[in-house]
Amino acid sequence: MNKNHPIALLKIGLNAYMAELLYEGHVFMNTAEYFSTLEDGTPRSDPDEGVGYLQKADGAILKMQDADEWCSLGTIAGAIRFRPDALKTTNLYCLHAKTVSDYGEAFQLNELKLGDSYVLFTNGNEFLKRLKKAVLKAGHECTYGMVNYIDRNDYTGPMSLFRKFSEFANTREFRVVVTPGAGGAMSLRLGDLSDIAIMGSANERLRLDPKVLP
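Okay, so let's go over this structure. (Residues numbered from 1 in each chain as written. Predicted model: local features only at pLDDT ≥ 70, side-chain atom pairs only at ≥ 80, totals over all residues. Heavy atoms only, no water.)

Some thoughts on the pattern of salt bridges
For side chains of opposite charge, pairing can occur when their charged atoms come near one another. We apply this condition: By convention in these notes, a salt bridge is any Lys or Arg side-chain nitrogen within 4 Å of a carboxyl oxygen on Asp or Glu. Helix and strand assignments come from DSSP, with helices taken as H or I runs of at least 4 residues and strands as E runs of at least 2, each series counted from the N terminus. Buried residues are those whose accessible area, probed at 1.4 Å on protein chains only, stays under 20% of the maximum for their type, while exposed residues exceed 50% and partly exposed ones sit between those limits.
Applying the stated criterion across every chain yields a total of eleven salt bridges. R175 is the partner of E49 in a salt bridge, and the nearest nitrogen-oxygen pair spans 2.8 Å. Separated by 126 residues along the polypeptide, E49 in the loop between α2 (32-37) and β3 (53-54) and R175 in strand β13 (residues 173-179) bring together distant segments of the chain. With relative accessibility at 3%, the residue E49 sits in the buried group. A relative accessible area of 1% places R175 in the buried class. As a salt-bridge pair, D102 and R172 come within 2.8 Å of each other at their nearest N and O atoms. Of this pair, D102 sits in the loop between β6 (91-99) and β7 (106-107) while R172 sits in the loop between β12 (163-165) and β13, and the two are 70 residues apart along the sequence. Connected through salt bridges with shared partners, the residues D46, E49, K164, E173 and R175 form a single ionic network.

Thoughts on the packing of aromatic side chains
As a reminder, the rule being used: For this analysis, a ring pair means two rings from Phe, Tyr or Trp (six-membered ring only for Trp) whose centres lie within 6.5 Å, classed as stacked if their planes differ by under 30 degrees, edge-to-face if by over 60, and tilted for the remaining angles. Two conditions define a charge sitting above a ring: the NZ of Lys or the CZ of Arg must be within 6 Å of the ring centre, and it must be within 35 degrees of the ring normal.
Summed over the entire model, instances satisfying the criterion amount to four aromatic pairs. Ring geometry for Y34 and F35: centres 5.3 Å apart, planes at 80°, overall edge-to-face. For Y34, a relative accessible area of 36% translates into the label partly exposed. For F35, a relative accessible area of 10% translates into the label buried. Residues Y144 and F174 carry aromatic rings whose centres are separated by 5.9 Å and whose planes lie at 35° to one another, so their mutual orientation is tilted. You can see Y144 sitting in strand β9 (residues 141-146) and its partner F174 sitting in strand β13, a full 30 residues away along the chain. Classification of F174 as buried rests on a relative accessible area of 6%. An aromatic cluster of at least three residues, connected via ring pairs, comprises Y93, F121 and F127. Stacked on the ring of F165, the Lys or Arg R152 has its end atom at 3.8 Å from the ring centre. Across the ring face of F168, the terminal group of K164 is positioned such that the distance to the ring centre comes to 4.5 Å.

Some details on the pairing of strand β2 (residues 26-31)
Where we set the bar: Any two strands between which DSSP finds at least two bridges are classified as paired.
Of all six residues in β2, five are buried, a share of seventy percent or more. Strand direction decides the pairing type here: β2 and strand β14 (residues 186-189), joined by four bridges, are antiparallel. Each residue of the ladder has a partner; that of M29, found in β14, is M186. Across two bridges, the pairing between β2 and β6 is antiparallel. Residue pairing for β6: N30 is matched across the bridge by L92.

Describing helix α1 (residues 15-24)
Rules: The arc under discussion is defined with respect to the helix axis, by the directions toward the C-beta atoms. In this analysis, two residues are considered to be in contact whenever any of their non-hydrogen atoms come within 4.5 Å of each other.
Taken together, the buried positions of α1 are M18, L21 and L22. Each buried residue of α1 lies within a common arc of 90° when the element is viewed along its axis, so the set occupies one face. Facing away from the buried side of α1, by more than 90 degrees, are the exposed residues Y17 and Y23. The secondary structure elements touched by the buried residues of α1 are β1 (6-13), β2, β6, β8 (117-121) and β15 (197-201). G25 lies just past α1 and shows a positive phi near 65°.

Right, here's the structure in full:
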(Lines give C-alpha, C1' and ligand atoms only; values in the text may rest on other atoms or scores of the structure.)
Protein backbone atom coordinates (compact mmCIF):
# COMPACT_ATOMS: atom_id res chain seq x y z
CA MET A 1 0.00 0.00 0.00
CA ASN A 2 1.29 3.45 -0.97
CA LYS A 3 0.49 5.59 2.06
CA ASN A 4 1.29 8.80 0.15
CA HIS A 5 -1.20 8.16 -2.64
CA PRO A 6 -3.94 10.86 -2.65
CA ILE A 7 -7.42 9.66 -1.70
CA ALA A 8 -9.20 12.97 -1.02
CA LEU A 9 -8.87 16.36 -2.71
CA LEU A 10 -9.86 19.69 -1.15
CA LYS A 11 -9.86 23.26 -2.39
CA ILE A 12 -9.42 25.91 0.30
CA GLY A 13 -10.28 29.59 -0.16
CA LEU A 14 -12.62 32.42 0.72
CA ASN A 15 -16.25 31.47 1.31
CA ALA A 16 -17.64 33.32 -1.71
CA TYR A 17 -15.15 31.68 -4.08
CA MET A 18 -15.75 28.23 -2.64
CA ALA A 19 -19.51 28.68 -3.13
CA GLU A 20 -18.86 29.57 -6.79
CA LEU A 21 -16.76 26.45 -7.15
CA LEU A 22 -19.42 24.22 -5.60
CA TYR A 23 -22.52 25.58 -7.31
CA GLU A 24 -21.11 26.91 -10.62
CA GLY A 25 -17.98 24.83 -11.01
CA HIS A 26 -15.94 28.02 -11.27
CA VAL A 27 -12.28 26.99 -11.53
CA PHE A 28 -9.96 30.01 -11.43
CA MET A 29 -6.31 29.44 -12.33
CA ASN A 30 -3.45 31.90 -12.17
CA THR A 31 -0.07 31.54 -13.85
CA ALA A 32 3.16 30.23 -12.35
CA GLU A 33 4.62 33.72 -12.82
CA TYR A 34 1.77 35.20 -10.75
CA PHE A 35 2.58 32.97 -7.77
CA SER A 36 6.30 33.76 -8.08
CA THR A 37 5.64 37.50 -7.66
CA LEU A 38 2.82 37.26 -5.09
CA GLU A 39 3.70 38.86 -1.77
CA ASP A 40 0.67 38.25 0.45
CA GLY A 41 2.40 36.27 3.19
CA THR A 42 0.46 33.05 2.49
CA PRO A 43 1.79 29.67 1.28
CA ARG A 44 0.53 30.62 -2.20
CA SER A 45 3.49 32.98 -2.52
CA ASP A 46 6.59 31.18 -3.81
CA PRO A 47 9.45 33.15 -5.44
CA ASP A 48 10.83 29.88 -6.82
CA GLU A 49 7.62 28.92 -8.66
CA GLY A 50 8.35 28.12 -12.29
CA VAL A 51 12.15 28.01 -11.91
CA GLY A 52 13.58 25.66 -14.52
CA TYR A 53 16.80 24.60 -12.79
CA LEU A 54 18.22 24.87 -9.29
CA GLN A 55 21.92 25.47 -8.83
CA LYS A 56 22.96 25.40 -5.19
CA ALA A 57 25.32 28.36 -4.71
CA ASP A 58 24.47 29.96 -1.36
CA GLY A 59 27.60 31.01 0.50
CA ALA A 60 29.96 31.17 -2.48
CA ILE A 61 32.68 33.72 -1.67
CA LEU A 62 34.25 36.21 -4.10
CA LYS A 63 37.93 36.81 -3.30
CA MET A 64 40.63 39.18 -4.57
CA GLN A 65 44.31 38.41 -4.66
CA ASP A 66 46.45 40.82 -2.68
CA ALA A 67 50.10 39.85 -3.07
CA ASP A 68 50.29 36.29 -1.73
CA GLU A 69 46.92 36.37 0.03
CA TRP A 70 43.29 36.07 -1.10
CA CYS A 71 40.93 38.53 0.60
CA SER A 72 37.16 38.05 0.79
CA LEU A 73 35.10 40.71 -0.97
CA GLY A 74 31.58 39.35 -0.54
CA THR A 75 29.32 36.34 -0.18
CA ILE A 76 26.90 35.19 -2.90
CA ALA A 77 23.31 34.92 -1.67
CA GLY A 78 22.36 32.28 -4.23
CA ALA A 79 22.22 31.32 -7.89
CA ILE A 80 20.25 33.43 -10.37
CA ARG A 81 16.70 32.14 -10.93
CA PHE A 82 15.82 31.40 -14.56
CA ARG A 83 12.22 30.80 -15.61
CA PRO A 84 11.55 29.31 -19.04
CA ASP A 85 8.81 31.27 -20.80
CA ALA A 86 6.77 28.08 -21.19
CA LEU A 87 6.64 27.64 -17.42
CA LYS A 88 5.87 31.29 -16.67
CA THR A 89 2.66 31.32 -18.72
CA THR A 90 1.40 27.92 -17.53
CA ASN A 91 -1.80 27.98 -15.47
CA LEU A 92 -1.98 26.18 -12.13
CA TYR A 93 -4.85 24.85 -10.03
CA CYS A 94 -3.68 23.94 -6.54
CA LEU A 95 -5.53 21.56 -4.24
CA HIS A 96 -4.82 20.09 -0.81
CA ALA A 97 -4.60 16.29 -0.69
CA LYS A 98 -5.21 13.77 2.06
CA THR A 99 -3.59 10.36 1.84
CA VAL A 100 -3.88 6.95 3.48
CA SER A 101 -1.30 8.10 6.04
CA ASP A 102 -3.84 10.68 7.27
CA TYR A 103 -6.41 8.08 8.36
CA GLY A 104 -7.56 8.68 11.93
CA GLU A 105 -5.68 11.97 12.34
CA ALA A 106 -7.74 15.03 13.31
CA PHE A 107 -6.98 18.22 11.38
CA GLN A 108 -8.18 21.79 10.82
CA LEU A 109 -7.70 23.33 7.39
CA ASN A 110 -7.46 26.88 8.75
CA GLU A 111 -3.94 25.99 9.92
CA LEU A 112 -2.83 26.17 6.28
CA LYS A 113 -3.84 29.86 6.12
CA LEU A 114 -5.35 29.48 2.64
CA GLY A 115 -8.90 30.66 3.37
CA ASP A 116 -11.93 30.35 5.63
CA SER A 117 -13.80 27.65 3.71
CA TYR A 118 -13.20 24.43 1.81
CA VAL A 119 -14.74 22.28 -0.88
CA LEU A 120 -14.15 18.54 -0.52
CA PHE A 121 -14.49 16.54 -3.72
CA THR A 122 -16.22 13.33 -2.67
CA ASN A 123 -15.49 12.02 -6.15
CA GLY A 124 -12.10 13.44 -7.06
CA ASN A 125 -11.78 11.36 -10.21
CA GLU A 126 -15.01 12.76 -11.61
CA PHE A 127 -13.94 16.33 -10.80
CA LEU A 128 -10.65 15.83 -12.63
CA LYS A 129 -12.50 14.28 -15.57
CA ARG A 130 -14.81 17.30 -15.88
CA LEU A 131 -11.95 19.74 -15.45
CA LYS A 132 -9.83 18.02 -18.11
CA LYS A 133 -12.76 18.07 -20.53
CA ALA A 134 -13.17 21.84 -20.03
CA VAL A 135 -9.42 22.44 -20.41
CA LEU A 136 -9.32 20.50 -23.70
CA LYS A 137 -12.37 22.38 -24.97
CA ALA A 138 -10.55 25.64 -24.26
CA GLY A 139 -7.66 24.48 -26.46
CA HIS A 140 -5.15 23.46 -23.79
CA GLU A 141 -3.70 20.30 -22.28
CA CYS A 142 -3.54 19.37 -18.61
CA THR A 143 -1.55 17.05 -16.39
CA TYR A 144 -1.99 16.52 -12.67
CA GLY A 145 -0.41 14.83 -9.70
CA MET A 146 1.16 15.28 -6.29
CA VAL A 147 3.89 17.86 -5.79
CA ASN A 148 7.27 16.45 -4.77
CA TYR A 149 9.05 18.39 -1.99
CA ILE A 150 12.84 18.71 -1.93
CA ASP A 151 15.41 20.14 0.48
CA ARG A 152 16.90 23.29 -1.03
CA ASN A 153 20.13 22.71 0.93
CA ASP A 154 20.77 19.29 -0.62
CA TYR A 155 19.47 19.54 -4.19
CA THR A 156 20.96 20.71 -7.47
CA GLY A 157 19.17 19.84 -10.70
CA PRO A 158 16.11 20.43 -12.85
CA MET A 159 12.98 21.82 -11.26
CA SER A 160 9.44 21.50 -12.57
CA LEU A 161 5.93 22.64 -11.73
CA PHE A 162 5.57 19.43 -9.71
CA ARG A 163 8.62 20.14 -7.56
CA LYS A 164 8.74 22.60 -4.64
CA PHE A 165 10.95 23.19 -1.62
CA SER A 166 10.29 21.35 1.63
CA GLU A 167 9.20 24.46 3.54
CA PHE A 168 5.89 24.13 1.63
CA ALA A 169 5.45 20.43 2.43
CA ASN A 170 2.64 20.98 4.94
CA THR A 171 0.37 22.18 2.12
CA ARG A 172 0.43 18.60 0.72
CA GLU A 173 -0.35 19.94 -2.74
CA PHE A 174 -2.06 18.11 -5.57
CA ARG A 175 -1.61 20.25 -8.66
CA VAL A 176 -3.29 20.60 -12.04
CA VAL A 177 -0.97 22.10 -14.68
CA VAL A 178 -2.53 23.60 -17.81
CA THR A 179 -0.36 24.09 -20.90
CA PRO A 180 0.48 26.06 -22.94
CA GLY A 181 -1.61 28.28 -20.67
CA ALA A 182 -3.45 31.52 -21.22
CA GLY A 183 -0.51 33.77 -20.33
CA GLY A 184 -2.78 35.27 -17.67
CA ALA A 185 -5.55 34.20 -15.34
CA MET A 186 -7.91 31.54 -16.73
CA SER A 187 -11.51 30.91 -15.66
CA LEU A 188 -13.45 27.75 -16.49
CA ARG A 189 -17.00 26.91 -15.45
CA LEU A 190 -17.80 23.23 -15.13
CA GLY A 191 -21.40 23.57 -13.96
CA ASP A 192 -22.91 22.58 -10.63
CA LEU A 193 -20.54 20.28 -8.71
CA SER A 194 -22.74 19.66 -5.69
CA ASP A 195 -23.30 16.07 -6.88
CA ILE A 196 -19.59 15.30 -6.32
CA ALA A 197 -18.53 17.81 -3.67
CA ILE A 198 -19.45 19.31 -0.30
CA MET A 199 -18.52 22.62 1.34
CA GLY A 200 -17.56 23.48 4.91
CA SER A 201 -15.73 25.89 7.20
CA ALA A 202 -11.95 25.69 7.49
CA ASN A 203 -12.40 26.09 11.25
CA GLU A 204 -14.09 22.70 11.54
CA ARG A 205 -12.17 19.91 13.24
CA LEU A 206 -12.12 17.05 10.73
CA ARG A 207 -10.95 13.46 10.49
CA LEU A 208 -10.70 11.00 7.63
CA ASP A 209 -11.43 7.38 8.61
CA PRO A 210 -11.13 4.24 6.49
CA LYS A 211 -14.21 2.31 5.46
CA VAL A 212 -15.46 -0.02 8.18
CA LEU A 213 -15.71 -3.52 6.77
CA PRO A 214 -18.66 -5.71 7.85
